[in-house]
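Each chain is listed here by its residues.
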Amino acid sequence: MSLLDITGLAVRLGGNTVLHDVDLRLKPGEIVTIVGPNGSGKSTLLRAIIGAVAPSAGQVRRKRGLRIGYVPQRLHIDPTLPLTVRRFLGLPRRVDAATALAALEQAGVAPLADRQMSGLSGGQFQRVLLARALLERPELLILDEATQGLDQPGSAAFYRRIEDVRARLGCAVLMVSHDLHVVMSASDRVICLNGHVCCEGAPEHVASAPEYRALFGAGTQGALALYRHNHSHDHDHDAPEAAE
């Protein structure tokens, strides 16, 4: 049974058609990444999935009672506000200590529970947002460019954490990413979006597709090999990120 079944989706914003004729099906446990140029409708598609924008045509069908965890592209917190990580996880509703700690452990940042949110590095902040998304033990985890602003090793470490979360919880993962060099190895399936679905399939298939290469250039086809070559060298970046 599908967690998510989208057929013929179109979205109009401000009189402009942002998405049209989008079909997407998401099965339990798979990691699917959406790539596309700026303005291609990636974030709009995620907002339609979570119900933040209404389709102008087509349907978004979710499994009944589907639990969704969402990691936004960015979240601004007033740096003058005294707010610990633990308290942040308890907003807007209280979360018991055991649930909060379990989510932080799954996100790889349990030692940060008493740290101020304003004192976190970019990677730590994103992992705390991931922990927040995991509080409800989601069946579907959605990430909107969650590694924006992180360097390549930091992005690779974050994606490895996502793979670990998927393995532990058995959840599906749907993410938007601009990290072509990383995403090709982290995904079971890639969807190339530019207002509509240009191409989709296994990472190797999409990387060689003419539609993908027209958008991103032929050089990106080598991104998969580059990532796999460097993959084992990036593991050292996990522990320092969590323990800083």
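Remember, it's a predicted structure, so these values are computed and weren't measured experimentally.

(A) Spatial organisation of the sheet that holds strand E2 (residues 16-26). Spatially, E2-E1-E4 is the arrangement adopted by the three strands of the open sheet, whose pairing is antiparallel. Two strands lie at the open edges of the sheet, namely E2 and strand E4 (57-62), each paired on one side alone. Within the sheet, the average angular offset between the axes of one strand and its neighbour, ignoring direction, is 25°. Taken strand by strand, helix H1 (residues 42-50) contacts strand E1 (4-13), E2 and E4, and its axis lies near 120° from that of E1.

(B) Up close: the packing of helix H3 (residues 97-107) against helix H4 (residues 122-134). Here H3 crosses H4 at 130°, and the two axes come no closer than 8 Å. Put simply, H3 runs oblique to H4. The element H3 and its partner H4 pack so that their crossing is right-handed. Of the residues in H4, those touching H3 at Ala103, Leu104, Gln106 and Ala107 are Arg127, Leu130, Ala131 and Leu134. Split by residue class, the contact of H3 with H4 holds six nonpolar, one polar and one charged.

(C) Examining unusual backbone geometry more closely. Geometrically, the link from Leu91 to Pro92 is a cis peptide bond, its omega value of 5° lying close to zero. Here Pro92 shows up in the loop between helix H2 (85-89) and H3. Positive phi outside glycine occurs at Arg137, with the angle close to 45°. The topology assignment puts Arg137 in the loop between H4 and strand E6 (140-144).

(D) Focus on the state of the cysteines. The tally for this structure, following the rule as stated, stands at zero disulfides. Its sulfur unpaired, Cys192 is 4.4 Å from the next cysteine sulfur, which belongs to Cys199. Cys199 sits in the buried class, given a relative accessible area of 8%.

(E) Inspection of helix H5 (residues 152-169) at higher detail. Taking 1.5 Å of rise per residue, the 18 residues of H5 would be expected to cover 26 Å, and the 26 Å separating its terminal C-alpha atoms lies within 8% of that figure. Inspection of H5 places Gly154, Ser155, Ala156, Ala157, Phe158, Tyr159, Arg160, Arg161, Ile162 and Val165 among the buried residues, and these make up the whole buried set. Immediately beyond the C-terminal end of H5, within one or two residues, lies Gly170, with a positive phi of roughly 75°.

(F) Fine view of the packing of H3 against H5. Viewed as axis vectors pointing N to C, H3 and H5 meet at an angle of 130°, and their least axial separation amounts to 9 Å. Comparing the axis directions of H3 and H5 gives the class oblique. Between H3 and H5, the residues in contact are Glu105, Gln106 and Ala107 and Arg161, Val165 and Leu169, respectively. A per-class count over the contact of H3 with H5 returns three nonpolar, one polar and two charged.

(G) View of the sheet that holds strand E3 (residues 31-35). Here six strands make up an open sheet; going across it, the order is E5-E6-E7-E3-E8-E9 and the pairing mixed. Each edge of the open sheet is held by one strand with a lone partner, namely strand E5 (68-71) and strand E9 (197-201). Strand-to-strand twist of the sheet, defined as the mean angle between neighbouring strand axes without regard to direction, takes the value 15°. In this structure, E5 lies alongside E6, joined through four bridges in parallel fashion. Within E6, the position partnered with Val71 by the bridge is Leu143. Across the sheet, H1 lies against E3, E5, E6, strand E7 (172-176) and strand E8 (189-193), angled at about 150° from E6, the strand it touches most. With respect to the sheet, H4 is in contact with E5 and E6, its orientation differing from that of E5 by roughly 165°.

What counts and how
Residues numbered from 1 in each chain as written. Predicted model: local features only at pLDDT ≥ 70, side-chain atom pairs only at ≥ 80, totals over all residues. Heavy atoms only, no water. Pairing = 2+ DSSP bridges. Helix = DSSP H or I, 4+ residues; strand = E, 2+ residues; numbered from the N terminus. Axes fitted to C-alpha atoms, helices over the stretch in contact; angles between N-to-C directions. Contact = heavy atoms within 4.5 Å. Parallel < 35°, antiparallel > 145°, perpendicular 65-115°, else oblique. Left-handed = near helix turned anticlockwise from the far one by under 90°. Nonpolar A, V, L, I, M, F, W, Y, C, P; charged D, E, K, R; others polar. Disulfide = S-S within 2.5 Å. Buried < 20%, exposed > 50% of the residue type's maximum accessible area, 1.4 Å probe, protein only. Expected span 1.5 Å × (residues − 1).

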